[in-house]
Amino acid sequence: ADHVGQLLTLETHTRSFPAHPPAADRTTAGRTLALSPSAFVLAALPLLIVIVGHRAISGEREEENLGLLMTTGLSPRALVLGKTLALAIVGGALVVACALVELVAVTAASGWSLDARFLGVQAFRLAYVSVWVGITIAISARTSSTTALG
């Protein structure tokens, strides 16, 4: 983005601050979040998990496939764990893909190498996805309909 430059006044016995620092040229979101493709995916990931997973169990119940699944000898616990694992793999794959993109981009730009802080952030992101997956599957298992009116 274009920058208008900084204005610094000089006065004796006072502390002067720049009148137009580069951060002032940005919006609030621009100052706090550098929007990259991976940042967008990670911000939209909870919504994606809810959209993909909201019909996991309640959709089976609504379409009357749940009873058919239960007649095959599949335990309810195995069904819920299987649906949870499938949704977690999708969310985890997106987190890993974003991490790889960030790693390649940052390494190419600055010669930075992998460190514990980067791995800690990725572990936090995976835990964040896991919480959203758990919430989504739990709500899907508790509701009888996939519609709000239902």
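Heads up: the structure comes first, above all this text.
Residues numbered from 1 in each chain as written. Predicted model: local features only at pLDDT ≥ 70, side-chain atom pairs only at ≥ 80, totals over all residues. Heavy atoms only, no water.

This part takes up the overall build of the protein. Scanning the protein for helices and strands turns up six helices and zero strands. When its helices and strands are written in sequence order, the protein yields α-α-α-α-α-α. Burial status across the protein gives 20% buried among its 150 residues. Sequence-distant contacts, at least 24 apart, represent 60% of the contacts inside the protein between residues at least 6 apart. Accessible surface for the protein amounts to roughly 10,500 Å². Of this, 68% is attributable to carbon and sulfur atoms. (Helix = DSSP H or I, 4+ residues; strand = E, 2+ residues; numbered from the N terminus. Buried < 20%, exposed > 50% of the residue type's maximum accessible area, 1.4 Å probe, protein only. Contact = heavy atoms within 4.5 Å. Areas by Shrake-Rupley, 256 points an atom, 1.4 Å probe, with all protein chains shown as cover.)

Before going further, it helps to examine the pattern of salt bridges. For the coordinates displayed, the defined rule picks out four salt bridges. Across the pair Arg55 and Glu62 runs a salt bridge, and its minimum N-O distance is 3.8 Å. Assessed through its relative accessible area of 33%, Arg55 is described here as partly exposed. A residue is classified by how much of its surface remains accessible, and Glu62, at 35% relative accessible area, is partly exposed. Of the charged contacts in the structure, one is a salt bridge between Glu60 and Lys83, with a shortest N-O distance of 3.0 Å. Of this pair, Glu60 sits in helix α3 (residues 58-62) while Lys83 sits in helix α5 (residues 76-110), and the two are 23 residues apart along the sequence. Via salt bridges that share partners, Arg55, Glu62 and Glu63 belong to a single interconnected network. (Salt bridge = Lys/Arg side-chain N within 4 Å of Asp/Glu carboxyl O.)

The next subject is the side chain of Ser58. Within the element layout of this structure, Ser58 appears in helix α3. When its relative accessible area of 0% is taken as the criterion, Ser58 is described as buried.

Here we take up helix α6 (residues 116-142). Between the first and last C-alpha of α6 there are 39 Å, a value that for 27 residues agrees with the 39 Å anticipated at 1.5 Å per step. Considered for burial, the residues of α6 that qualify are Phe118, Gln122, Val129, Val133, Thr136, Ile137 and Ser140. (Expected span 1.5 Å × (residues − 1).)

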